[in-house]
Amino acid sequence: MYYLINVSLFITSFILMEFAAWFAHKYIMHGFLWWLHEDHHSGKYHIFQKNDSFALFFAIPSWLCIMLGLMWGNDGSVWFGAGIAAYGVTYFFVHEVIIHQRIKWFRNIKHPYFLALRRAHKVHHKKLTKEGCECFGMLIVPMKYFRESFKKA
Ligand SMILES: [Zn+2]
Ligand SMILES: [Zn+2]
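On a predicted model such as this, the values are computed, not experimentally measured, just so you know.

Colleague: Please clarify how the coordination of the zinc ion (ligand 1) should be interpreted in this entry.
Modeller: Perfect tetrahedral coordination of a metal by four donors corresponds to 109.5 degrees between them, and perfect octahedral coordination by six donors corresponds to 90 or 180 degrees. Taken together, the protein ligands of the zinc ion (ligand 1) are His25 (NE2), His30 (NE2), His37 (NE2), His41 (NE2) and His124 (NE2), with distances of 2.1 to 2.2 Å. Written as a sequence motif, the donor residues of the zinc ion (ligand 1) are H-x4-H-x6-H-x3-H-x82-H. A residue pair is termed long-range when its members are at least 10 positions apart, and His30 in helix 1 (residues 2-32) and His124 in helix 5 (residues 112-125) qualify at 94 residues. Across this residue pair, the class does not change: His30 and His124 are buried.

Colleague: Can you walk me through the packing of aromatic side chains in this structure?
Modeller: Per the counting criterion, the structure on display carries 14 aromatic pairs. Between Phe14 and Tyr87, the ring centres sit 5.3 Å apart and the planes meet at 75°, which makes this aromatic pair edge-to-face. In this pair, Phe14 is assigned in helix 1 and Tyr87 in helix 4 (residues 75-99), connecting sequence segments 73 residues apart. A residue is classified by how much of its surface remains accessible, and Phe14, at 23% relative accessible area, is partly exposed.

Colleague: Looking at this structure, how should I read helix 5?
Modeller: Each full turn of the α-helix corresponds to 3.6 residues, which orients residues three or four apart in the same direction. With 14 residues, helix 5 ought to run about 20 Å at 1.5 Å a step, and its terminal C-alpha atoms sit 20 Å apart, in line with that. Among the structural elements, helix 1, helix 2 (34-41), helix 4 and helix 6 (143-152) are those in contact with the buried residues of helix 5.

Colleague: Is there a simple way to think about a positive patch on the surface in this case?
Modeller: Among the surface-exposed residues, Arg119, Lys126, Lys127, Lys144 and Lys152 lie close enough to one another that they form a single positively charged patch. Among the structural elements, Lys152 can be located in helix 6. Assessed through its relative accessible area of 74%, Lys152 is described here as exposed.

Reading the values: the criteria
Residues numbered from 1 in each chain as written. Chains lettered and ligands numbered in written order. Predicted model: local features only at pLDDT ≥ 70, side-chain atom pairs only at ≥ 80, totals over all residues. Heavy atoms only, no water. Donors = N, O, S within 2.8 Å, 3.2 Å for Na, K, Ca; no water. Helix = DSSP H or I, 4+ residues; strand = E, 2+ residues; numbered from the N terminus. Buried < 20%, exposed > 50% of the residue type's maximum accessible area, 1.4 Å probe, protein only. Phe/Tyr/Trp six-rings, centres within 6.5 Å; stacked < 30°, edge-to-face > 60°. Expected span 1.5 Å × (residues − 1). Contact = heavy atoms within 4.5 Å. Patch = residues over 30% accessible without salt bridge, like charges linked within 9 Å, V, L, I, M, F, W, Y side chains within 5 Å. Areas by Shrake-Rupley, 256 points an atom, 1.4 Å probe, with all protein chains shown as cover. Salt bridge = Lys/Arg side-chain N within 4 Å of Asp/Glu carboxyl O. Lys, Arg positive; Asp, Glu negative; His and termini not counted. Charge placed at Lys NZ, Arg CZ, Asp CG, Glu CD.

Scope: geometric values only; no functional claims are made or implied.
The following block contains the structure:
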């Protein structure tokens with residue numbers, strides 16, 4: 001029972017993070033913090049982008065949940081924080097490596113799930129401006145992209 005609760009907290013926080021990331025991307029990064037996100041839409045890729053600072057913002061709740069959970073002996077909080085961190089690591093591999101190939105790993109991924117994510121994210125990047133973008137999610141994208149790439153496969 002103990003592990004069941006903790007593992008479900010971990011999975012819940014991972015899933016919630018997809019929605020939090022979608023919300024933040026749509027309403028904050030393409031909202032009042034556009035000035036931090038803009039260089040990611042410029043089409044020019046630098047080693048570091050201002051946009052990378054969002055990773056630090058998202059690390060704060062994870063760090064707090066883990067640290068305070070350890071200090072107060074609340075294991076649930078530690079697992080919840082670990083779920084946020086796991087999402088961050090996944091986001092890094094999917095967004096920076098698989099989609100944008102900022103590091104040249106896994107370049108020949110052919111799995112239709114990842115091809116759909118890449119396609120949807122490229123559609124997001126079609127616009128270089130704050131307004132008019134679509135596909136703000138990362139691991140969950142509109143069904144039509146999954147259908148397309150699973151049909152091709
Ligand atoms: Zn964007
Ligand atoms: Zn991107």
